[in-house]
Amino acid sequence: MHYYRYSNPEISCWYKYLLFSYNIIFWLAGVAFLAAGLWAWSEKGVLSDLTKVTRLHGFDPVVLVLVVGGVMFVLGFAGCIGALRENICLLKFFCGAIVLIFMLELAVAVLAFLFQDWVRDRFKEFFENNIKSYRDDIDLQNLIDSLQRINHCCGAQGPNDWDLNIYFNCSTESKSREKCGVPFSCCVPDPAQKVVNTQCGYDVRALNKNQWDNSIFTKGCIPALEAWLPRNIYIVAGAFIAISLLQIFGIFLARSLISDIEVVKAGHHF
């Protein structure tokens, strides 16, 4: 790989070291994400048997952590080395990747707004598939529990969605102790209890439906999230704008440094 280094003062030190500082943060964050993801897989025994990844039918949150960490690591590395070594190839790779990610985010946001019913149906399918795999992966289990507990919801559209899971199914063939129940994260919290009762959802769906409100959340998580979004639209919009501005700032720094290097490089030919 060829790179160019110049002592010519026409190359802005501000752009160079701002871009380096910008990327070193993301590179370190990428390292942290990768380390956390690999540690989680190590704890679950995935690193010693990678076939466990393909055997999981639901969504493994660790995969998302590793993918995000990998992307941040590669882009941060390219940006850091490209800035320090004034390497146009690495800088163009970094700049192009950030532009691509930004355009994908924008496209996803627009399509999600235009095709809300389709997104709702896909999310429902996704949630139901992961309900089936609730007991198969501890990280997936914790993710669903957190989602239900924070949003005061149960299942995709309601508590009966837990019939999709073999442990909570109400069928007469089921021998599970959790039969016709729901996870503890569906339970209405009791302020008097300081210890979480993980058995609070046992047999609750065997009761009459008008008794459920006293024990568990009856709203599904999809309606709960649909109600949450309008109430927090400014927070969501603010987060999207902040991320977009960071990306635009990175693109600006990279393009400015590339322009400086190209100008200096052209000047050396004369």
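Just above, that's the structure.
Nothing here was measured: the structure is a model prediction, and the numbers come from that model.

Cut-offs used in this document
- Residues numbered from 1 in each chain as written.
- Predicted model: local features only at pLDDT ≥ 70, side-chain atom pairs only at ≥ 80, totals over all residues.
- Heavy atoms only, no water.
- Helix = DSSP H or I, 4+ residues; strand = E, 2+ residues; numbered from the N terminus.
- Rg over C-alpha atoms; globule rule 2.2 N^0.38 Å.
- Buried < 20%, exposed > 50% of the residue type's maximum accessible area, 1.4 Å probe, protein only.
- Salt bridge = Lys/Arg side-chain N within 4 Å of Asp/Glu carboxyl O.
- Expected span 1.5 Å × (residues − 1).
- Contact = heavy atoms within 4.5 Å.

J.: Would you mind going over the overall build of the protein chain with me for this structure?
T.: In terms of regular secondary structure, the protein chain is built from eight helices and zero strands. Written out in order from the N terminus, the α and β elements of the protein chain read α-α-α-α-α-α-α-α. The C-alpha atoms of the protein chain give a radius of gyration of 25 Å, which is well past the 18 Å a tight globule of 270 residues would have. Its C-alpha atoms give the protein chain principal-axis dimensions of about 85 × 45 × 35 Å. By residue count, 35% of the 270 residues in the protein chain fall in the buried class.

J.: When you look at the pattern of salt bridges in this model, what are you seeing that I'm missing?
T.: This structure, assessed with the given rule, holds nine salt bridges. Among the ionic pairs, Arg120 bridges to Glu226, the shortest N-O distance being 2.2 Å. With a gap of 106 residues between them, Arg120 in helix H5 (residues 116–132) and Glu226 in helix H7 (residues 221–231) connect regions that are remote in the sequence. Judged by relative accessible area, Glu226 falls into the partly exposed class, the value being 37%. A salt bridge links Glu178 to Arg135; its shortest N-O distance comes to 2.2 Å. One end of the pair, Glu178, is in the loop between helix H6 (138–151) and H7; the other, Arg135, is in the loop between H5 and H6, and 43 residues separate them in sequence. One connected set of salt bridges, linked through shared partners, spans Asp117, Arg120 and Glu226.

J.: Before we go on, may I ask you to explain helix H1 (residues 13–43) in this structure?
T.: Residues spaced three or four apart along an α-helix point in a common direction, a consequence of the helix completing one turn every 3.6 residues. Between its first and last C-alpha atoms H1 spans 44 Å; for 31 residues at 1.5 Å apiece the expected length is 45 Å, and the two agree. Buried within H1 are the following residues: Lys16, Leu19, Tyr22, Asn23, Gly30, Gly37, Ala40 and Trp41. Downstream of H1 by one or two residues, Gly45 has phi in the positive range, about 80°.

J.: Sorry if this is basic, but what is going on with the environment of Lys219 here?
T.: Note that Lys219 resides in the loop between H6 and H7. Along the sequence, Lys219 and Leu140 sit 79 residues apart, while their C-alpha atoms lie 21 Å from each other. Sequence-distant contacts of Lys219, that is, excluding residues within four places in its chain, are made with His152, Cys153, Cys154 and Ala224.

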